[in-house]
Amino acid sequence: TDGGRNLSLDSIPMGLPMSDPTAWATAMNNLGMAPMGMTGQPLLPDFDPALGMMTGIPPINPMMPGLGIVPPPIPPDMPAVKEIIHCKSCTLFPPNPHLPPPATRERPPGCKTVFVGGLPENGTEQIIMEVFEQCGEVIAIRKSKKNFCHIRFAEEFMVDKALYLSGYRIRLGSSTDKKDTGRLHVDFAQARDDLYEWECKQRMLAREERHRRRLAEERFRPPSPPPVVHYSDHECSMVAEKLKDDTKFSEAIQTLLTWIERGEVNRRTANNFYSMIQSANSHIRRLVNEKAAHEKEMEEAKEKFKLALSGILVQFEQIVAVYHSASKQKAWDHFTKAQRKNISVWCKQAEEIRNIHNDELMGIRREEEMEMSDEEIEDPSEMKETEESALVSQVEALKEENDSLRWQLDAYRNEVELLKQEQGKASRDEDTTKEQQMKLLQQALQGMQKHLLKVQEEYKKREAELEKVKEDKLKIETLLENLKEQESSTSRVCACSQEKECPVEKTLSNSPVKSEREVLLVGIISTFLHVHPFGASIEYICSYLQRLDSKICTAEVEVLMTRLQNTFRQELSGVGASLEKRWKFCGFDGLKMT
């Protein structure tokens, strides 16, 4: 054995050899094919393929091991006989043939996976593989604990073979235990892998179809015109030669048109283009002559056709005369009834054809008469026109020669002008370089001037800042001198107080300043307010004093300043919400008052 995929013939319970013609005929009959021998000759010459089964021969199940074949889906109108299938580890019993076929779900696209239900509880993956590998190559088996599994095959047609086993009763070995028996239910299963492979296959087919369509479109697409070469003197001479050749004129005129539309015409190439246009104009005469030749050929053909048509009409007249003479009584009595009928029919046909051709000939003659009448009316004017056209053609020829000479002169002039322009360009280039150098120098000078102006403005700003600093320094020096004077005055007052203790104590008791500390505070506050002529708030003054002594409080300072009304004065500044109390130094005014 090869792993249990196809069992050998020794395991067939009926013991039929391969060469038994009855077994082969039954198997091939079950498949719906004419029974053939091993050598290719029919086993039963009177076999009727319309019959589903052969009578008198016991049928063999095609799924029996050893045959290794499974039939395709059987048509519903064809009776199918399912037989017992013997496997190595189990036996499959067919369902009741009178029962309806088992129901199946709709087949998913690209289905290669089947659902198998009703498995025995003691069934293993090896037994499932043994049963279903006869249907084809099994890729995977996913078995569940609830007596069902999913089997994935290699190809789609193997699923149809597996559905053939739906409804079979399975028995493991010879056991009759419930756990060793079951009824198989095989149905289509939807798997992502199957759907993905089917979609990939469909996409591949769509790509192939698009590729085929593209190839077909490219095959039927008209070829693109050849690319037009760029203008050069060599190509210009080639095109000029082609314009003079009737066979290559259409290609050359297309190239000329493309060059003109591209803008290749300039002073240097104008003469070449004019000569090519002149060649195109001369081709008009050739076309007119060719048209006249074709018209002449057409008139000759008309004359030939008219002569041939008149000869045909003469012959028709003779044939009709024969029919008329045959229909006279002298000859008519000697013909049979069928002959008379044929002669009368032939006579009518000949007369109809003769009349049609006669009308055609008359129409041609009328047209000729109309043309002749038009020519007679236009004859004198045509004579004049021909004479005038001859003169006009001579004049045009002279004009063309004159224009060609004139254009040659213009070409020489253009060449001279180009030479002069080239010489002038060299001198202009030198002038332009000098002008550019001068412009660069002027721009550099302007930049330097702007930079100098900026430096001067910065210098003036810094000078003004220095003057402000000097003024501030002078103010600070004066303040220091005032402070020194006040300190000296306070020292003198202290000396006097030591010499005259009693009187000073009396004066101190009467004066608003009660201690030396208050005197120092008055001096510092007066100096501070002298620096701030517009006054300062009590908080601002106290913040300054607290830098000197952190123990000074705002209430003490305010009480001291209210006592000295001749030295300090309180004023209100601002309006509304911005109202603020400010203290000012008024010691100089108070000195005058005291």
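Rules and cut-offs
- Residues numbered from 1 in each chain as written.
- Predicted model: local features only at pLDDT ≥ 70, side-chain atom pairs only at ≥ 80, totals over all residues.
- Heavy atoms only, no water.
- UniProt positions renumbered as here; feature names shortened; annotations may be inferred.
- Salt bridge = Lys/Arg side-chain N within 4 Å of Asp/Glu carboxyl O.
- Helix = DSSP H or I, 4+ residues; strand = E, 2+ residues; numbered from the N terminus.
- Buried < 20%, exposed > 50% of the residue type's maximum accessible area, 1.4 Å probe, protein only.
- Pairing = 2+ DSSP bridges.
- Axes fitted to C-alpha atoms, helices over the stretch in contact; angles between N-to-C directions.
- Contact = heavy atoms within 4.5 Å.
- Expected span 1.5 Å × (residues − 1).
- Disulfide = S-S within 2.5 Å.
- Patch = residues over 30% accessible without salt bridge, like charges linked within 9 Å, V, L, I, M, F, W, Y side chains within 5 Å.
- Areas by Shrake-Rupley, 256 points an atom, 1.4 Å probe, with all protein chains shown as cover.
- Polar contact = N/O pair within 3.5 Å; in protein donor to acceptor, adjacent residues only side chain to side chain.
- Lys, Arg positive; Asp, Glu negative; His and termini not counted.
- Charge placed at Lys NZ, Arg CZ, Asp CG, Glu CD.
- Parallel < 35°, antiparallel > 145°, perpendicular 65-115°, else oblique.
- Nonpolar A, V, L, I, M, F, W, Y, C, P; charged D, E, K, R; others polar.
- Core = buried A, V, L, I, M, F, W, Y, C linked by side-chain atoms within 4.5 Å.
- Phe/Tyr/Trp six-rings, centres within 6.5 Å; stacked < 30°, edge-to-face > 60°.

- As annotated in an unreviewed UniProt entry, the protein carries the name ENOX2 protein and comes from Thryothorus ludovicianus.
- In the Sequence similarities (unreviewed entry) part of its UniProt record, the protein is described as follows: "Belongs to the ENOX family."

### Examining the pattern of salt bridges
And then number 1: Overall, the coordinates contain 18 salt bridges when judged by the stated rule.
And then number 2: Residue arginine 212 pairs with glutamate 209 through a salt bridge whose shortest N-O separation is 2.6 Å. Residue arginine 212 and its partner glutamate 209 are located together in helix α4 (residues 192-220), separated by 3 residues, close to a single helical turn.
And then number 3: Look at arginine 212 and you get partly exposed, because its relative accessible area is 48%.
And then number 4: Owing to a relative accessible area of 31%, glutamate 209 belongs among the partly exposed residues under this scheme.
And then number 5: One salt bridge connects lysine 242 with glutamate 251, and the closest N-O pair in it is separated by 3.5 Å.
And then number 6: Look at lysine 242 and you get partly exposed, because its relative accessible area is 24%.
And then number 7: For glutamate 251, a relative accessible area of 47% gives the class partly exposed.
And then number 8: Connected through shared salt-bridge partners, Lys112, Arg152, Asp194 and Glu197 make up one network.

### Considering the sheet that holds strand β8 (residues 185-188)
Adjacent strands of a sheet pair through backbone hydrogen bonds, lying either parallel or antiparallel.
And then number 1: Spatially, β4-β5-β3-β8 is the arrangement adopted by the 4 strands of the open sheet, whose pairing is antiparallel. What marks the edges here is a single partner per strand, and that holds for β4 (138-143) and β8. The average angle at which neighbouring strand axes cross in this sheet is 20 degrees, direction not considered.
And then number 2: Relative to strand β5 (residues 148-153), strand β3 (residues 113-117) runs antiparallel, the two sharing 5 bridges. Across the sheet, residue valine 116 finds its bridge partner in β5, namely cysteine 149.
And then number 3: Sheet strands in contact with helix α2 (residues 125-132) are β3, β4, β5 and β8, and its direction is about 140 degrees off that of β4.

### Digging into the UniProt feature "coiled-coil region" (unreviewed entry) in the protein
And then number 1: Within this structure's numbering, the places UniProt gives as "coiled-coil region" (unreviewed entry) are residues 277-304 and 395-489.
And then number 2: A helix fraction of 100% and a strand fraction of 0% characterise residues 277-304, whose end C-alpha atoms lie 41 Å from each other.

### As for helix α7 (residues 270-326)
And then number 1: With 57 residues, α7 extends 83 Å between its outermost C-alpha atoms, agreeing within 8% with the 84 Å of an ideal straight helix rising 1.5 Å per residue.
And then number 2: Where α7 is concerned, the buried positions are Phe273, Met276, Ser279, Ala280, His283, Lys306, Leu309, Leu313, Phe316, Val320, Tyr323 and Ala326.

### Considerations on the state of the cysteines
And then number 1: As enumerated under the stated definition, the model contains 0 disulfides in all.
And then number 2: The thiol of cysteine 135 is unpaired, and the distance to the nearest cysteine sulfur, on cysteine 87, comes to 9.8 Å.
And then number 3: On the basis of relative accessible area, cysteine 135 is assigned to the buried category, the value being 1%.

### What about a nonpolar patch on the surface?
And then number 1: A cluster of nonpolar side chains, namely Ile260, Val265 and Ile277, defines an oily patch on the protein surface of about 230 Å² accessible area.
And then number 2: The residue valine 265 is located in the loop between α6 (249-262) and α7 in this model.

### Quick look at the sheet that holds strand β2 (residues 90-93)
And then number 1: Ordered in space as β1-β2-β6-β7, the 4 strands form an open sheet in which the pairing is antiparallel. Every other strand in the sheet has two partners, leaving β1 (85-86) and β7 (181-183) as the edge strands with one partner each.
And then number 2: Note that strand β6 (residues 169-172) and β7 share 3 bridges and pair antiparallel. When the bridges of β7 are listed, arginine 171 appears paired with threonine 181.

### Considerations on the side chain of lysine 112
And then number 1: By the element assignment, lysine 112 lies in the loop between β2 and β3.
And then number 2: Given a relative accessible area of 14%, lysine 112 falls into the buried group.
And then number 3: In this structure the side chain of lysine 112 is engaged in a polar contact, spanning 2.9 Å, whose partner is the side chain of glutamate 197.
And then number 4: Excluding anything up to four places from it in sequence, lysine 112 contacts Ile151, Arg152, Phe153, Ala154, Glu155, Glu156, Val159, Asp194 and Glu197.

### Considerations on a positive patch on the surface
And then number 1: Among the surface-exposed residues, Arg203, Arg207, Arg210 and Arg214 lie close enough to one another that they form a single positively charged patch.
And then number 2: Within the secondary structure layout, arginine 203 lies in helix α4.
And then number 3: Overall, the relative accessible area of 42% leaves arginine 203 in the partly exposed class.

### Focus: the packing of helix α5 (residues 233-243) against α7
In a packed pair of helices, the relevant descriptors are the angle between the two axes and the axis-to-axis distance.
And then number 1: Between α5 and α7, whose axes approach to 9 Å, the crossing angle comes to 10 degrees. Taken together, the axis directions place α5 and α7 in an arrangement best described as roughly parallel. Across the interface between the two elements, Asp233, Cys236, Val239, Ala240 and Leu243 from α5 touch Asn272, Met276, Ser279 and Arg286 from α7.
And then number 2: The residue inventory of the contact of α5 with α7, partitioned by class, reads 5 nonpolar, 2 polar and 2 charged.

### Structural notes on the nonpolar core
Nonpolar side chains tend toward joint burial in soluble globular proteins.
And then number 1: Membership of the largest hydrophobic core comes to 31 residues, with the highest contact counts inside it found for Val116, Phe132, Ile151 and Phe153.
And then number 2: Secondary-structure elements contributing two or more residues to this core are β2, β3, α2, β4, β5, α3 (157-163), β6 and β8.
And then number 3: Once residues within four sequence positions are removed from consideration, phenylalanine 132 is found in contact with Val116, Val138, Ile151, Phe153, Ala162, Leu165 and Val186.
And then number 4: Membership of the second largest hydrophobic core comes to 18 residues, among which are Leu521, Leu529, Ala536 and Val557.

### Some words on the packing of aromatic side chains
And then number 1: Considering all chains together, one arrives at 7 aromatic pairs under this definition.
And then number 2: A ring pair is formed by tyrosine 231 and phenylalanine 273, whose centres lie 5.3 Å apart and whose planes are at 20 degrees; its orientation type is stacked. In this pair, tyrosine 231 is assigned in the loop between α4 and α5 and phenylalanine 273 in helix α7, connecting sequence segments 42 residues apart.
And then number 3: The exposure class of tyrosine 231 is buried, given its relative accessible area of 13%.
And then number 4: Ring centres 6.5 Å apart and planes at 80 degrees place the aromatic pair tryptophan 259 and phenylalanine 273 in the edge-to-face group. Taken together, the positions of tryptophan 259 in helix α6 and phenylalanine 273 in helix α7 put the pair 14 residues apart, joining distant regions of the chain.
And then number 5: Residue phenylalanine 273 is classed as buried on the basis of its relative accessible area, which comes to 2%.
And then number 6: A network of ring pairs unites the aromatic residues Tyr231, Trp259 and Phe273 as a single cluster.

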